[in-house]
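# Residue-level structure breakdown
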Amino acid sequence: RAVAADPELRPAHVDLCLALAETEPTEAVLAAASNAIVEAGLWSDPWQRPASFLHELASKPFWEAAEFPWVDTLKQGFSKVGAEWDAVLRSADGSSGAGPGGDGAWEPGRR
């Protein structure tokens, strides 16, 4: 009803598609998503229905590293970050405070 009352009510479109995805055949979900695209300009593809969507962000399968200025900095620091991570994993008593919840509970060998 919310979608019918105000087609630009984007959260209603998202909720409708999520609810339909749980109970209805794929065709019903795609129809609702297509309707959301037409009525509210919510998404660009009925198969991809994220709850948060930015029209100005291009949708493409691969991005070139050159498109992101921070990639080179990240690459240069990879060895250092990896060494720090290995040290955390080797910490026998978890005293580094790293890990989920700060308890040092990382599993060795996972990077």
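The numbering scheme is per chain: residues are counted from 1 as the chain's sequence reads. Totals for whole chains, interfaces and linings use every residue, but because this is a predicted model, local features are given only for residues with pLDDT of at least 70 and side-chain atom pairs only at 80 or more, for both listing and counting. With hydrogens and water set aside, each side-chain value is computed from the structure's full complement of heavy atoms.

### Comments concerning the overall build of the protein
In terms of regular secondary structure, the protein is built from 5 helices and 0 strands. Secondary structure elements are defined from DSSP: runs of H or I of at least 4 residues count as helices, runs of E of at least 2 residues count as strands, and each element is numbered from the N terminus. Listing the helices and strands of the protein from first to last along the sequence gives α-α-α-α-α. Counting every position in the protein, which comprises 111 residues, the buried fraction comes to 19%. Partitioning the intrachain contacts of the protein with sequence separation of at least 6 by distance along the chain shows that 28% fall at a separation of at least 24. Accessible areas in this description were obtained via Shrake-Rupley with a 1.4 Å probe; residue shielding takes into account the shown protein chains only. Surface summary for the protein: the accessible area is close to 8400 Å², and the carbon and sulfur share equals 58%. Each residue gets one of three labels from its accessible area relative to the maximum for its type: buried under 20%, exposed over 50%, partly exposed in between, using a 1.4 Å probe on protein chains only. The contact criterion used throughout is that any non-hydrogen atoms of two residues lie within 4.5 Å.

### Concerning the nonpolar core
By nonpolar core is meant a set of buried Ala, Val, Leu, Ile, Met, Phe, Trp, Tyr and Cys residues that side-chain atoms within 4.5 Å join together. Within the largest apolar cluster, 9 residues are counted, these being V14, C17, L20, V29, A32, A33, A36, L42 and W43. Looking at this core, the elements that each hand over two or more residues are α2 (10-23) and α3 (26-40). The dominant element in this core, judged by the number of residues it contributes, is α3, at 4 residues.

### As for the packing of aromatic side chains
Note on ring pairs: Phe, Tyr and Trp rings are taken, using the six-membered ring of Trp, and paired if centres are within 6.5 Å. Classes follow the plane angle, with under 30 degrees stacked, over 60 edge-to-face and the rest tilted. The final tally for this structure, using the stated rule, is 2 aromatic pairs. Between W63 and F68, the aromatic rings sit 5.6 Å apart at their centres with planes inclined by 50 degrees, giving tilted as the arrangement. Among the residues examined, F68 registers a relative accessible area of 29% and is labelled partly exposed. On the numbers, 5.5 Å between centres and 45 degrees between planes, the contact of F68 with W70 is tilted. Taken together, the ring pairs connect W63, F68 and W70 into an aromatic cluster.

### Things to note about helix α5 (residues 78-90)
Taking 1.5 Å of rise per residue, 13 residues should cover 18 Å, and α5 covers 18 Å from first to last C-alpha, within 8% of that figure. Among all positions of α5, only G82, V88 and L89 are buried. Around the axis of α5, the buried residues are gathered within 120 degrees of arc, so they sit on the same side. For α5, exposure combined with an orientation more than 90 degrees from the buried face picks out S79, K80 and R90. Helix span, as expected, comes to 1.5 Å for every residue beyond the first. Picture the helix axis, draw a direction to every C-beta atom, and the arc is the one those directions span.

### Let's talk about α2
Its 14 residues place the ends of α2 21 Å apart at the C-alpha level, agreeing with the 20 Å of an ideal helix rising 1.5 Å per residue. Among the residues making up α2, those that are buried are A12, H13, V14, C17 and L20.

### Here we look at the confidence of the model for the protein
Low-pLDDT portions of the prediction should not be read for the details of their coordinates. Per-residue confidence from the prediction method is given by pLDDT, with values spanning 0 to 100. Scored by pLDDT, the protein has a mean of 75; 67% of the residues are at 70 or more. At the low end of the mean pLDDT range in the protein sits helix α1 (residues 2-5), at 68; at the high end sits helix α4 (residues 71-76), at 92.

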